[in-house]
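Structure at a glance
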Amino acid sequence: MDKRLILFISSRYLEYGVFFLATIFFAKSIGKVEYGNYALVFTTISYAPFFLLGTNQLTLRNITVEKDKNLVIRQSFLLFTTLLFFSLLFCVFSTDRLHLTVLIVVALKVFNEYLMTIARGLKQYNLLSFCYLATASVWLYYLVFLDREDFFYVWPIVLFTPLLLLLINSKKFLIIQGIKAKVELVDMLVWIKKGYKYAIIGLYLPVCTTLDRWFIDSSDFGAELGLIQFSFNLSNIVSFGLGAFSFYFYPIYLEKINMDNSLFPTIKKNILKIQLGLLVITFLFLFLIQNIDLSIIGFGQYNGIFKYLWIYFPIRIFIWAFFPYNVLIDVRNKQQFYMNAVIVLLVIEAIIYASMNYIDQYLVVKYHSFVQLSSVLILTLLFHQNYKKWL
C-alpha cells in the first residue's frame with residue numbers, strides 16, 4: 001500500500017478517534033438530559049457545508065476532471081458571500097448561550113471544507129495528513145488537561161489549527177489564480193446555478209438523519225433526545241471510518257471513470273462486497289454487546305442507546321455505499337436526477353414526521369430511525385435501477 005495512503009488514513013482515523021472520545025466524555029460530563037438540549041446545536045452545525053452552495057464539489061470536479069484551476073478563485077469570492085448569508089441566517093437557529101461560539105465553529109468548518117477541497121483536487125494528501133494530526137493533537141490536549149464542559153469552546157481552536165496550515169499552503173495558489181481570473185457577477189451566477197444541485201444533494205445525509213430533531217420538543221423528551229443524539233454520535237464512527245476511504249479515493253475514481261466508465265461495475269461490485277461484510281460484522285457486534293450494562297464504564301444513563309444503534313449503524317453503511325454512484329453521477333452530470341430524488345424523499349420524510357407529531361410526538365421519537373432507513377433504502381434502489389442508463 002502507498003505510504004502516502006497509509007499516513008493519510010492513519011491520521012484521519014486518529015483525528016476521528018480523538019474527536020469521538022471528546023464527544024463521548026462531553027456527553028458523560030453533562031448528562032443525557034442536557035445533552036439532549038444540545039441536539040439542535042449539533043444538528044445546525046452538521047448543515048454547515050450546505051452554505052458553500054455546492055461549489056466545493058464543483059471545484060473538486062473542475063480540478064480533477066476538467067483541469068480548470070482558474071475557476072477556483074471565483075469560488076473564493078462566492079465563499080465570503082455565502083458565509084455572510086449564513087451568518088445572518090444562523091442567528092435564527094442558534095441558542096443564546098452558544099450563539100457566537102457555534103457561529104465561529106460553522107464558519108471555520110466552511111473555510112476548512114473549501115481549502116481542503118482545493119488540497120484534495122491537487123492531491124496534496126501529505127498536507128491533509130499533517131492537518132489531521134494537528135487537529136488530533138488539540139483534541140488530545142482537551143481530553144488530558146481541560147474541563148470536559150469546555151467542549152464547544154475548544155472546537156473553534158481545533159478548527160482554526162488546520163485552517164491556518166491550509167491558508168499558508170494555499171496562499172500562493174490563490175494569489176496566482178487571482179491574477180489570472182476575473183471575478184464577475186455572471187461567473188458567480190454560473191457557479192450558483194451549477195453548485196446548488198450539489199448543495200441540495202449534500203444536504204441529504206445531514207437532513208435525512210437529523211430532520212426528526214426539529215419535531216421533538218426537548219422540554220418533553222430531553223432524556224430521550226439525549227439518547228438519540230448520543231447514539232447518533234456513536235454511529236458517526238462508522239461514517240468517520242469509512243469516510244477516510246471515500247475522501248481519499250473519490251477524486252481518483254472520478255478521474256478514472258471519467259476516462260473509462262467500464263471500470264464502474266468493478267468498483268460497484270467491490271463496494272457492495274465491503275458493504276455486505278460490514279453489515280454482517282455490525283449486526284454480530286451489536287448482538288454481542290446489546291445486553292452490556294454501560295454503568296460499568298460510567299455511562300449508565302445511556303443504557304437505552306442500543307435500540308437506536310441497530311438502525312443507525314446500517315443507515316451509515318448504506319449511505320457510504322452511495323460512493324460509487326456519486327462518482328458516476330458526477331462524471332455523467334446526472335445531478336438533476338439525484339437532486340430531484342433527494343428533494344422528494346426529504347419532503348416525504350418531513351410530511352411523515354409532521355403527521356406523527358400531530359397525532360402523538362412520541363411516534364417521532366419511536367419510529368424516526370425506521371423512517372430514515374426507509375428513505376436510504378429507497379434511494380439505494382433508485383440508484384441501482386438507473387445506473388446502467390448512465391454508463
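Scroll up a little and you will see the structure.
All chains use their own residue numbering, which begins from 1 and follows the written sequence. In keeping with the predicted nature of the model, local features appear solely for residues at pLDDT of at least 70, side-chain atom pairs appear and are counted solely at 80 or more, and the whole-chain, interface and lining totals rest on all residues. Note that water and hydrogens are dropped before the side-chain values are worked out from all heavy atoms of the structure.

1. Some remarks on the overall build of the protein
Keep this limit in mind: Elements are defined by DSSP. Helices are runs of H or I of four residues or more, strands are runs of E of two residues or more, and each kind is numbered from the N terminus. The buried label applies to any residue whose accessible area, calculated with a 1.4 Å probe on protein chains only, is under 20% of its type's maximum; exposed applies above 50%, and partly exposed to all values in between. The contact rule is simple, with two residues in contact once any of their heavy atoms fall within 4.5 Å. Only the protein chains shown count as cover for residues, with accessible areas throughout obtained via the Shrake-Rupley method and a probe of 1.4 Å.
The secondary structure content of the protein amounts to 14 helices and 0 strands. Helices (α) and strands (β) of the protein occur, in sequence order from the N terminus, as α-α-α-α-α-α-α-α-α-α-α-α-α-α. Across the 391 residues in the protein, those meeting the buried criterion constitute 53%. For the protein, the share of sequence-separated contacts (at least 6 apart) that also reach a separation of at least 24 residues comes to 83%. Looking at the protein as shown, the accessible area adds up to about 17800 Å², and 67% of this sits on carbon and sulfur atoms.

2. Some details on the packing of aromatic side chains
Keep this limit in mind: By convention, a stacked pair of Phe, Tyr or Trp rings (six-membered ring in the case of Trp) has centres within 6.5 Å and planes under 30 degrees apart, an edge-to-face pair has planes over 60 apart, and any other such pair is tilted. Both a distance and an angle decide whether a charge sits over a ring: NZ of Lys or CZ of Arg must be within 6 Å of the ring centre and within 35 degrees of the ring normal.
Applying the stated criterion across every chain, the model contains 38 aromatic pairs. On the numbers, 6.0 Å between centres and 25° between planes, the contact of Phe-230 with Phe-299 is stacked. You can see Phe-230 sitting in helix H9 (residues 218-259) and its partner Phe-299 sitting in the loop between helix H10 (264-289) and helix H11 (306-320), a full 69 residues away along the chain. Just above the ring of Phe-299 sits the side chain of Lys-28; from NZ or CZ to the centre is 5.4 Å. In this arrangement the basic side chain of Arg-213 is found over the ring face of Phe-232, its NZ or CZ atom lying 4.9 Å from the centre.

3. So, the pattern of salt bridges
Rule in force here: Take a side-chain nitrogen of Lys or Arg and a carboxyl oxygen of Asp or Glu: if they are within 4 Å of each other, that pair is a salt bridge.
Scanning the entire structure with this criterion turns up 2 salt bridges. Taking the shortest distance from any N to any O, the salt bridge between Asp-212 and Arg-213 comes out at 2.9 Å. The buried category is assigned to Asp-212, whose relative accessible area is 0%. As a salt-bridge pair, Glu-224 and Lys-307 come within 3.0 Å of each other at their nearest N and O atoms. Of this pair, Glu-224 sits in helix H9 while Lys-307 sits in helix H11, and the two are 83 residues apart along the sequence.

4. Focus on the nonpolar core
What counts is decided by this rule: Grouping buried Ala, Val, Leu, Ile, Met, Phe, Trp, Tyr and Cys residues that are joined through side-chain atoms within 4.5 Å yields what is termed a nonpolar core.
Counting residues in hydrophobic clusters, the biggest one holds 119 residues, and the most contacted among them are Trp-139, Phe-151, Phe-152 and Trp-155. Dropping the residues within four chain positions of it, Trp-155 is found in contact with Phe-19, Phe-42, Ile-45, Val-105 and Trp-139.

5. Digging into a nonpolar patch on the surface
To keep things clear, this is the line we draw: Only residues whose relative accessible area exceeds 30% and that form no salt bridge enter a patch; like-charged residues are grouped when within 9 Å of one another, and nonpolar side chains (Val, Leu, Ile, Met, Phe, Trp, Tyr) when within 5 Å.
Together, Leu-140, Tyr-141, Val-144, Phe-145 and Leu-146 give the surface a local cluster of nonpolar side chains, amounting to about 510 Å² of exposed area. With respect to the secondary-structure elements, Val-144 resides in helix H6 (residues 125-145). For Val-144, a relative accessible area of 54% puts it in the exposed group.

6. Describing the side chain of Ser-129
By the secondary structure assignment, Ser-129 is in helix H6. Sequence-distant contacts of Ser-129, defined by excluding residues within four places in its chain, comprise Leu-7, Phe-8 and Ser-11.

7. Overview of unusual backbone geometry
Phi at Asn-333 is positive, roughly 55°, even though this residue is not glycine. Structurally, Asn-333 can be placed in the loop between helix H12 (323-332) and helix H13 (335-359). Using a relative accessible area of 48% as the deciding quantity, one classes Asn-333 as partly exposed.

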